[in-house]
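This is what each chain is made of:
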Amino acid sequence: FSTMSRERADSQGSLGPDDEVMPYSDDETDDELDPGSDEERLDCLPFLFPESGWRVKANDRAFCNLPEFQKKYFLCLKRSKYAGNGIKTYKYNALTFIPLNLFEQFKRAANLYFLALLILQIIPEITTLPWYTTLVPLVLVLGITAIKDLVDDLARHRMDNEINNRKCEVLLDGRFQVSKWMNIHVGDVVRLKKNDHIPADILLLSSSNPISLCYVETAELDGETNLKFKMGPKVTDERLQEEDQLAQFDAMIVCEEPNNRLDKFTGTMRWRKDRFPLDLDNMMLRGCRIRNTDECHGLVIFAGADTKIMRNGGKTRFKRTKIDELMNYMVYTIFVILVLLCAGLAIGNTFWYEEVGSKAWYLYDGKDQTASYRGFLSFWGYIIVLNTMVPISLYVSVEVIRLGQSKFINWDLQMYYQEKDTPAKARTTTLNEQLGQIEYIFSDKTGTLTQNIMAFKKCTIAGHTFGKTHLWLSFHYHPQYKKPVDFTWNKYADRKFEYLDHSLVACIRSKKDKDTLEFFKLLSLCHTVMVEQKEDELVYQAASPDEGALVTAARNFGFVFLSRTQDTITISEMDQEMTYEVLALLDFNSDRKRMSIILRFPDGRIRLYCKGADTVIYERLSPNSKHKEVTQTALDMIGATAIEDKLQDGVPETIAKLAKADIKIWVLTGDKKGIVSGAARLCGGESLWNLRIRQANRRDQPPAFGRTRKKVPDPFFPEPGRNALIITGGWLNEILYEKKKKRRRLRLKRLGKRPAAATPQDAAQPIDDWEKETRQVDFVNMACECEAVICCRVTPKQKANVVSLVKKYKKAVTLSIGDGANDVNMIKTADIGVGISGQEGMQAVMSSDYAFAQFRYLERLLLVHGRWSYIRMCKFLRFFFFKNFAFTLVHFWYSFFSGFSAQVAYEDWFITLYNVMYSSLPVLLVGLLDQDVNDKLSRKFPKLYLPGQQGALFNYKNFFISLFHGIFTSLVIFFIPYGAFLQTMGQNGEAPSDYQSLAVVMASSLIFTVNMQISLETSYWTFVNCFAVLCSIAIYFGIMFDIHSAGIHVIFPSTFTFTGVASNALRQPYLWLTIILTVGITLLPVICIQFLYKTIWPSVGDNVRPAEEEEKSTPFQRGRRSRRSAYAFSHSRGYADLIASGRSIRRRPATARPNPRDSIREIPQAENI
């Protein structure tokens, strides 16, 4: 790596924060981490660890329950502030499930509305429909939702139980006993063995390795699979190796309170009248695993919810889609419309009764009620009659559609990672359509975009570069040199290692170039890698992936690291085994930026080997070194290496496709700035200075000036160009001022002092919330103008804060994707959280909404599943509102001819079954299966994704279009049959112009209209869709003839009152002609409008669809439709194979006609559609 630095100064001349340091903005900033002078440090010590702070007594469980450590948690009840080690992620238990679940469900306005409606239906003077017509659907909806919630929560219970019941050895009564994780307490001494998970945040006391060294894998914390070492204090390593010694251990640990800072721990161990400092190197955190250590002992410091991994989890947020929020507002709108309609009809009833009803003797009902009171009762009666404007089945249907869409994601074979046997997993069923509206993606780097697998690519030795690329070799060498190097001559070679430059192997095997041999000897000796033998294979465990790559490269080129002890290291040099004595080992850290080892050779020579960052090595080269640029000290430079962290397959292509879909991708990583500085050189790096200049100018303005924020802010980059923003965690705090200086403020409070006058650096502090918010808006606006945004050295909390800022000020739909526990907070904060599953741990997956194994699957998740889900849900909701408006408003028109008496226009059973059986299945299948174009074209033309980002397919405009469409349809369905019944004579001389026959004709016209309308809306036909439409119509007529039969009337005379109406009315050809006329008039305007839109104002999908038709026209597909779907359905026989194949039953045209838009399929611009 190369490191670059330059002095930075803000507008006031103060130096900026250190880019290499990761500040934990959750609790403190860079300035807070630096207490200042030695005197200030001494002043802070009593404050940092007061006697009432976090204290842990070894082998003493009763200590944690002392009264001084008790805190209130409910009313006057108290419990210990020390958490138990059991974790709880579930929401319900056996006692709270029913009341809490009902409480959550009745938060939905529709459910509460139907409960109130049920109460109204029980009142005899108001009810116009039987009470069971509302109770049965309500219980059904609540029951289905409760069962779904119960299944989800049981899965959480199982996961919690699995973790809480893991076994661990705990020191109890003087000996180690096997105990469950949930029974571990703060202060317990535990024994862990190789490959064990660490159950809590533990202070390492001793291990079986020399100097109590212990290697841990932190994959579940940070997504990195490389090993990190921990070391016990020297005093405990010497005195706490045996069981009886551990049993007598009675130290007092005084340390910081539980927090979420993964990179920091400060404490003191008081034992035998001495004090010993403790830091993060002594701590093993929950979520890690023991590696390369046979046995170790530790003291539990933080348990359960107090552990750092749990503190970094963030709060579980209830996520709701934009469509959910919009649908709720539309439900409120419908409530308002409903109340206004009912109020108008009630007023009509009042006037009608005064003018007509009270004067007609044949309408007298024996009740002495005033017209106003009758109008009041009529209002509530119409509330019941018109309640189907918001049918309760809407929410059940939405849940069914979302469940089906989630299953399609789970079944998609193109998102299945065979190498790890990992399918895609939709862990939630409530956010699918939101996947079609993503505007910003926030991604981690290590393990998410990269494989976290370092590969040795190039090296330069004594000024000669080895490692030419495949392309270079193809021009300069014989084709045989384009093949990878054959390492079969080396019995220790790693078979996975691949290298193309044959000249390096030839140089090494000739043994003529001493610099080359010395170069690889250094790589095989200067490291901290551990080795173990597995089935005659050497397995290396490295503290970092790049160090592992260098040692593996040396191994393949003949310098094989074989073993090490505390004082020696053994390697094989070109099949000759050599052992060197280790005199000193200086490990790599962020301050030194290099690693050094001092060795005694077998012949007695002493040599220092050093490797590190180029800037650090150049400063220490000898004046006589032949291969140098800067001369200061006495090292001889041998060479340099180039290592590549491999991107996952398909990452560049995925990012390019998502960018074409106008999705912006920000990278939030804990890596150092030097690793990502290349992007700044490509895109320019003056973004941050533009922001600071604008903030400085605003401070110079008068206080009253500029307090009103512009609706359209001035751009930060007036000239369009490739701008990039690379910002570190320290600068993020400096700009946004997320936290005040906590230690300084509390120390001054303790000393009884007031804050001092503002220093030049403090002058940049925001004077009020308005200025702070304005600075945040400036930062977000500037970042959104950049093509590339990379936040490096940021903490988990800062990642979540960045996501929150974009959500807050851009009102955008966000998606976060990560693979480690440090990404959990970001995943929970975003509208959609995606976890990368695989070798990097499962913490991110457990907190995510969707999970898969490779970043490249994100393209298919968004551009195919997300877009389809959004289109389907929007089409479903538009049609669902339409069909219920058309159904319900017929009652409104009928009221003008029934004295506003709240009499229903249909039969009671038709009203009950309309949304359940007669019209639900076709629209449900559209919501599940419909697609405008196939998956290949969805990915080929990313611009198809734009309507979802714009919310163009479902908004208030679409809602009112559905409303007016329903009004028009209800007008036609009522008034055409009404007009036909005015002067009607049947074939037998009888007039079928009675109310019941009119109800049957209107109901039949409605069923035909609704089912044919959904047929026109269907873009993708399968056998199942066709069957659903025909089946719905057949079920309507079958049930209608049954409930109109004489037999069922005899059994239930008061419930089934339309005896013989259907058979009598539908025998009349005149009424069939009326039905056909009604259906034709309702559908004709829709057909004309659709034709005009597709011809004059075609959508992007309409332009792309001809390309799909051409794609299908192959000789093997003549006479049938081609496959569209890539879903992997279950193996059981049924319609799943047919649905998956995408076979359409629409007939293809006999001859292909030229299409005026054919040119868009081949021209270059088509890619940008």
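Residues numbered from 1 in each chain as written. Predicted model: local features only at pLDDT ≥ 70, side-chain atom pairs only at ≥ 80, totals over all residues. Heavy atoms only, no water.

1. So, the pairing of strand β17 (residues 440-443)
Right, so step 1: Side chains Y440 and F442 of β17 all project onto a buried face; the interleaved residues I441 and S443 project onto the opposite face, where all are buried too.
Right, so step 2: Across four bridges, β17 lies against strand β28 (residues 664-668) in parallel orientation. Opposite F442, over in β28, you have W666 as the bridge partner. (Buried < 20%, exposed > 50% of the residue type's maximum accessible area, 1.4 Å probe, protein only. Helix = DSSP H or I, 4+ residues; strand = E, 2+ residues; numbered from the N terminus. Pairing = 2+ DSSP bridges.)

2. Topic: the sheet that holds strand β19 (residues 464-466)
Right, so step 1: Taken together, three strands build an open sheet; the order of strands is β19-β18-β27 and the sheet is antiparallel. What marks the edges here is a single partner per strand, and that holds for β19 and β27 (639-647). Here the average twist between neighbouring strands, direction ignored, is 30°.
Right, so step 2: As defined by bridge partners, strand β18 (residues 450-461) adjoins β27 across eight bridges and the pair is classed as antiparallel. Residue I461 lies in a different strand from β27, and its bridge partner there is G639.
Right, so step 3: Sitting on the sheet, helix α15 (residues 514-525) is in contact with β18 and β27, with an inclination near 155° to β18. (Axes fitted to C-alpha atoms, helices over the stretch in contact; angles between N-to-C directions. Contact = heavy atoms within 4.5 Å.)

3. Structural notes on helix α37 (residues 1069-1096)
Given 3.6 residues to a turn, an α-helix orients residues that are three or four positions apart in the same direction.
Right, so step 1: With 28 residues, α37 should cover 40 Å at 1.5 Å per step; its first-to-last C-alpha distance of 40 Å lies within 8% of that length.
Right, so step 2: Where α37 bends most, at L1083, the angle is about 25°, and the proline P1085 comes one to four residues later.
Right, so step 3: Where α37 is concerned, the buried positions are L1071, T1074, I1075, T1078, V1079, T1082, L1083 and V1086.
Right, so step 4: Looking at the packing, one finds that the buried side of α37 touches α32 (956-982), α33 (995-1017) and α36 (1061-1065). (Expected span 1.5 Å × (residues − 1). Bend = angle between axes of the 7 residues up to and from the residue.)

4. Let's talk about the packing of aromatic side chains
Right, so step 1: As enumerated under the stated definition, the model contains 61 aromatic pairs in all.
Right, so step 2: Seen from their ring centres, F881 and F885 are 6.3 Å apart, and the 20° between their planes marks the pair as stacked. With F881 and F885 both in helix α27 (residues 857-895) and four residues apart, the pair spans about one turn of that helix.
Right, so step 3: When its relative accessible area of 0% is taken as the criterion, F885 is described as buried.
Right, so step 4: Relative to F896, the ring of F892 has its centre 5.3 Å away and its plane inclined at 85°; by these criteria the two rings are edge-to-face.
Right, so step 5: When its relative accessible area of 45% is taken as the criterion, F896 is described as partly exposed.
Right, so step 6: Here the aromatic residues F892, W893, Y894, F896, F897, F900, F974, F975, Y978 and Y995 are joined through ring pairs into a cluster of three or more.
Right, so step 7: Across the ring face of W181, the terminal group of R166 is positioned such that the distance to the ring centre comes to 5.1 Å. (Phe/Tyr/Trp six-rings, centres within 6.5 Å; stacked < 30°, edge-to-face > 60°. Lys NZ or Arg CZ within 6 Å of the ring centre and 35° of its normal.)

5. Quick word on the UniProt feature "transmembrane region" (unreviewed entry) in the protein chain
Right, so step 1: Sites flagged by UniProt as "transmembrane region" (unreviewed entry) map to residues 329-353, 373-398, 876-897, 909-929, 959-983, 995-1014, 1021-1040 and 1070-1093.
Right, so step 2: In residues 373-398, helix accounts for 73% and strand for 0%; the two terminal C-alpha atoms are 40 Å from one another.
Right, so step 3: With 100% helix and 0% strand, residues 995-1014 has end C-alpha atoms that lie 29 Å from one another. (UniProt positions renumbered as here; feature names shortened; annotations may be inferred.)

6. What about the packing of helix α28 (residues 908-918) against α33?
Right, so step 1: Where α28 meets α33, the closest approach of the two axes is 13 Å, and the angle between their N-to-C directions is 15°. The angle between the axes of α28 and α33 places the two elements in the roughly parallel class. α28 and α33 meet at a crossing whose hand is right-handed. Contacts between α28 and α33 pair F910, Y914 and Y918 from the former with A1003, L1006, I1007, V1010 and N1011 from the latter.
Right, so step 2: Here the residues of the contact of α28 with α33 are counted per class, giving seven nonpolar, one polar and no charged. (Parallel < 35°, antiparallel > 145°, perpendicular 65-115°, else oblique. Left-handed = near helix turned anticlockwise from the far one by under 90°. Nonpolar A, V, L, I, M, F, W, Y, C, P; charged D, E, K, R; others polar.)

7. Things to note about the nonpolar core
Right, so step 1: Formed by 111 residues in total, the largest nonpolar core has its most connected members in F876, L877, Y906, F910 and L1006.
Right, so step 2: For this core, the element with the highest residue contribution is α27, accounting for 17 residues.
Right, so step 3: Counting residues in each nonpolar core, the second largest holds 57 residues, with F69, L205, I301 and I309 among its members. (Core = buried A, V, L, I, M, F, W, Y, C linked by side-chain atoms within 4.5 Å.)

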